[in-house]
Amino acid sequence: MQPGVNEPMNNPQSRLQALKNRRQSRPMWDSTMAAASAPEKQFLTPKREDTMRPPTSVNALRRGLLALAVSAAFVPAAFAEGPIVIKFSHVVASDTPKGKAAEFFARRAGELTKGRVKVEVYLNSQLYKDKEEIEALQLGSVQMLAPSLSKFAHLGVKEFEAFDLPFIFNDYNDLHAVTSGPVGRKLLQKLESRGITGLAYWDNGFKVMSANKPLKSVSDYKGLRMRIQPSKVLDAQMRAVGALPQVLAFSETYQALQTRVVDGTENPPSNLYTQKMHEVQKHLSTTNHGYLGYAVVVNKKFWDGLPGNIRAALTQAMTEATQVANDTAFQDNLEALNRIKASGKSTVHEPTMEERRQLMRAMLPVHQQMATRIGAQTIAEIYQATGFKPLPALPRPAP
Ligand code: SIN
């Protein structure tokens, strides 16, 4: 019996397993839907955006891209005639910092190269989900991505998980001290041996927590199944507050929340709002406990094979697009939070100083726990760049 197809799915664990199995073994649109019973169909039904995508043509496009990839992607002669096409795949909506910056880059790349380069942006996991898109980049079936920093450990570059350490950045200034300094550059260089060139860091923002119950004290997280990105640091962070972390692709999160496969999640407001997650989460807490941002990366062979003047123009377009991402990120997140509040679908809680301290006390030991995985040196360099004090003397509540 195939789990997830014929098994009863009335308990969250088997539904989660079903979701994972389906993710690994087959695309969303296949005979599973035809074979499923009515309650299963509700679980298997793609979320609204997904239903608007023509499945067969997308799958055919995917297959076509993969088939063409090895033969066409690295052939410099292909640059001689016609525009150079850059397929830029990402997993979020267009009205997010990443979505806007990607569109801007596409436009400027065309302008600055006088039409020699055509950037095609595929948003909302249209082409590939989180893990698949990195593999597709390495294969050359897409040329450019901007995965969140939490997704690079999959390539064996675990140092990127330092960005996930809870409370390591107080604000965007701290973050930029790292991303635009030697630590940021060193991390991007580590991607080269994986066939990937890092071009820039793009901001998103600081994460809030959401669930169907108020999240005020640390004990509120106990036993909650929380969707996380594939990062061991995020796993440790959720366990530190007694939650049960569940790794899921971004594109699967709305559905998993809606069907209660998971109880809650964390993300900056812009992602929560544009994916409508707030509509299926009754409570949201503006904990700002961690950061989520991106590295824009390109297939190295493709990039190195570009004519020098084209590469220079694209570098300029990327510099400008980075400015767009980083200039809009704060405002976008603020607006998204206000829209969530105005929607009335989710109650937004602003943690008190004491609640925040409690969360810090619970989560900060994760820095120490993860030092061996991330590298104590990388963590120390980030502390130095930001002025972070490893365990600040936090006032303890009276016994
Ligand atoms: C993204 O912003 O690219 C997705 C983040 C996530 O997977 O939560």
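These numbers were taken from a predicted model, which means no experiment stands behind them.

**Some details on the overall build of the protein chain**
Scanning the protein chain from terminus to terminus reveals 18 helices and 11 strands. Considering only contacts in the protein chain between residues 6 or more positions apart, those separated by 24 or more positions represent 76%.

**Comments concerning the packing of helix H6 (residues 97–112) against helix H14 (residues 308–343)**
One way to put it is that H6 packs onto H14 with a least axis distance of 8 Å and a crossing angle of 155 degrees. Viewed along their axes, H6 and H14 adopt a mutual orientation that is roughly antiparallel. Between H6 and H14 lies a crossing whose hand is right-handed. Of the residues in H14, those touching H6 at Pro97, Lys98, Lys100, Ala101, Phe104, Phe105, Arg108, Ala109 and Leu112 are Ala313, Leu314, Gln316, Ala317, Met318, Glu320, Ala321, Val324, Ala325, Thr328, Ala329 and Asp332. When its residues are assigned to classes, the contact of H6 with H14 shows 14 nonpolar, two polar and five charged.

**Focus: the sheet that holds strand S2 (residues 117–122)**
Spatially, five strands are ordered S2-S1-S3-S10-S4 in an open sheet, and the strand pairing comes out mixed. This sheet does not close on itself; its edge strands, each paired only once, are S2 and strand S4 (196–206). Across nine bridges, the pairing between S4 and strand S10 (residues 291–299) is antiparallel. By the bridge assignment, Phe206 is partnered in S10 with Tyr291.

**Describing the environment of Pro166**
Along the chain, Pro166 falls in the loop between strand S3 (144–145) and helix H8 (172–179). A residue is classified by how many C-beta atoms lie within 10 Å of it, and Pro166, with 25 of them, is buried. Through-space distance from the C-alpha of Pro166 to that of His289 is 5.5 Å; in sequence the pair is 123 residues apart.

**Here's the deal with the pairing of S2**
Pairing between strand S1 (residues 84–89) and S2: six bridges, direction parallel. Directly across from Lys87, in S2, lies its bridge partner Glu120. Taking the sense of rotation as the criterion, the β-α-β connection linking S1, H6 and S2 turns out right-handed.

**Examining the site of the ligand**
Surveying the vicinity of the ligand reveals the residues Val91, Val92, Ser148, Asn204, Gln229, Phe250, Asn267, Asn271 and Leu292. Per-class residue counts for the shell around the ligand are four nonpolar, five polar and no charged.

**Examining the nonpolar core**
In terms of nonpolar packing, the biggest core is built from 96 residues, with Phe105, Trp202, Ala295, Val296, Val297 and Met318 touching the most fellow members. Top contributing element to this core by residue count: H14, with 10 residues. Those residues in contact with Val296 that lie beyond four places of it in its chain are Met144, Ala146, Leu199, Ala200, Trp202 and Met318.

**Remarks on unusual backbone geometry**
At Ser125, a residue that is not glycine, the phi angle is positive and equals roughly 60 degrees. Structurally, Ser125 can be placed in the loop between S2 and helix H7 (130–139). Even without glycine at this site, Arg260 takes up a positive phi of about 65 degrees. Tracing the backbone through its elements, the reader meets Arg260 in the loop between helix H11 (253–258) and strand S8 (264–267). When the 13 C-beta atoms within 10 Å are taken as the criterion, Arg260 is described as partly exposed.

**Comments concerning the sheet that holds strand S11 (residues 347–349)**
Read from one edge to the other, the open sheet built from six strands follows the order S7-S6-S8-S5-S9-S11, with strand pairing classed as mixed. Two strands lie at the open edges of the sheet, namely strand S7 (244–247) and S11, each paired on one side alone. With strand direction ignored, the average angle separating the axes of adjacent strands in the sheet is 25 degrees. Note: strand S6 (residues 225–228) against S7, four bridges, orientation parallel.

**A few points about the packing of H8 against helix H18 (residues 376–386)**
Between H8 and H18, the shortest axis-to-axis distance is 8 Å and the interhelical angle comes to 125 degrees. The pairing of H8 with H18 is recorded here as oblique in orientation. Judged by the twist between their axes, the crossing of H8 over H18 is right-handed. Along the contact surface, H8 presents Asp174, Ala177 and Val178, while H18 presents Ile382, Ala385 and Thr386. Of the residues contributing to the contact of H8 with H18, the split by class is four nonpolar, one polar and one charged.

**Concerning the pairing of S6**
Burial along S6 is two-sided: the residues Arg225 and Arg227 and Met226 and Ile228 are all buried. In terms of handedness, the path from S6 via helix H10 (residues 232–240) over to S7 forms a crossover that is right-handed. Pairing between S6 and S8: two bridges, direction parallel. By the bridge assignment for S8, Met226 is matched with Gly264.

**A word on the confidence of the model for the protein chain**
Overall, the predicted model of the protein chain reaches an average pLDDT of 84, with 77% of residues at or above 70. In this model residues 19–61 is a low-confidence stretch, pLDDT under 50, and it forms 32 contacts with partners more than four residues away in sequence or in other chains. Under a pLDDT of 50 for its full length, residues 63–75 has, in the predicted model, 16 contacts with residues more than four places off or in other chains.

Criteria and cut-off values
Residues numbered from 1 in each chain as written. Predicted model: local features only at pLDDT ≥ 70, side-chain atom pairs only at ≥ 80, totals over all residues. Helix = DSSP H or I, 4+ residues; strand = E, 2+ residues; numbered from the N terminus. Contact = placed C-beta atoms within 7 Å. Axes fitted to C-alpha atoms, helices over the stretch in contact; angles between N-to-C directions. Parallel < 35°, antiparallel > 145°, perpendicular 65-115°, else oblique. Left-handed = near helix turned anticlockwise from the far one by under 90°. Nonpolar A, V, L, I, M, F, W, Y, C, P; charged D, E, K, R; others polar. Pairing = 2+ DSSP bridges. Buried ≥ 20, exposed ≤ 12 C-beta atoms within 10 Å, placed from the backbone. Right-handed = clockwise from strand over helix to strand, strands pointing away. Near = placed C-beta within 6 Å. Core = buried A, V, L, I, M, F, W, Y, C linked by C-beta atoms within 7 Å. pLDDT = per-residue confidence, 0-100.

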